[in-house]
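Fold and contact review
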Amino acid sequence: MYVFVRIFICLLLALIAIILVKKNRKGHNIKVKNAILLITIMSVILYLILMIIPFENCIYTFNSAESSLKYSNLYSPDLTVDGKTTTLTIYRKDVSTNEVLIIPKNNKGWKIGRGIDTKSLNVSSNKLYSVDICNYRNTDEWYIILTDWNDEIYSLCDNKNSTFKELSQTAKSRELKNYVAYIGKFDSSYVLIINNQEFEFVLSDGKRKTYELRLKE
């Protein structure tokens, strides 16, 4: 629906502009072909701008994160996790690929989330787990997604008493389990407890800011 609304607006404005050009071409010595070409270019530019800017957020509020996601991406979420001012949604474009979008909310409901506002930290993976820590831009709304490669996790918690939700996924003909939680503010004090072992996130040296999941000493 998000895309269709923008196409409709641009086509409608372009049609109105073309009608006005044809109506007033004689009195203003307007070349119709040149005018139509200019209108087409301006319509494409307007479409690209509207794709980036969710103007609906100024006039409309959705009653759920699910309805917001369906409007903007035409997908239904497989999992939602609520934060204080955002909701993380996970949906699938195909059987094996999960997509993540964080949707902002207020006391009235949910707005439209943009992919450019969902940021992820660089976290190195190991043979047992992979971790994605994502954030809604310019907030302390952080979420963690832990993928168990070998189905070996029997207990999972952290030092913030976060509630983890489980989401199964099929990838490369095998079943994987993802554990997702809202963790609030993320910093070096955050500890993940997997199978009664404490893991910390250590910032590695180098030009690129990368975190490594390490067993806490």
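Below is a short write-up of the structure. Note that residues are indexed from 1 along each chain, following the sequence as it is written. For a predicted model such as this one, the threshold for reporting local features is a pLDDT of at least 70, and the threshold for listing and counting side-chain atom pairs is 80 or more; totals across whole chains, interfaces and linings nevertheless cover every residue. Water and hydrogen atoms play no part in the side-chain values, which are based on all heavy atoms of the structure.

**With respect to the sheet that holds strand S2 (residues 86–92)**
Keep this limit in mind: Here, strands pair whenever DSSP counts at least two bridges between them. Strands are runs of DSSP state E lasting at least two residues, helices are runs of H or I lasting at least four, and both sets are numbered from the N terminus onward. For helices, the fitted line uses only the C-alpha atoms of the stretch in contact; every axis is such a line through C-alpha atoms, and the angle between N-to-C directions lies from 0 to 180 degrees.
Sheet architecture is open: three strands sit in the order S1-S2-S3, paired in antiparallel fashion. The open sheet terminates on both sides in strands that have one partner only, identified here as strand S1 (79–82) and strand S3 (98–104). Averaged over neighbouring strand pairs, the angle between their axes works out to 20° when direction is ignored. Here S2 runs beside S3; their pairing, made up of seven bridges, is antiparallel. Opposite Tyr-91, over in S3, you have Glu-99 as the bridge partner.

**Quick look at helix H2 (residues 32–52)**
This is how the line gets drawn: A helix is expected to reach a length of 1.5 Å times the quantity of its residues less one. Relative accessible area decides the class of each residue, using a 1.4 Å probe on protein chains only: under 20% of the type maximum gives buried, over 50% gives exposed, and in between gives partly exposed. In this description, the arc belongs to the directions extending from the helix axis to the C-beta atoms.
In a regular helix each residue adds 1.5 Å, so 21 residues correspond to 30 Å; H2 covers 30 Å between its end C-alpha atoms and thus fits that length. For H2, the full list of buried residues reads Val-32, Ala-35, Ile-39, Ser-43 and Leu-50. For H2, the angular spread of buried residues about the axis comes to 75°, placing them on one side. Opposite the buried face of H2, at more than 90 degrees from it, the exposed residues are Lys-33, Leu-37, Leu-38 and Leu-48.

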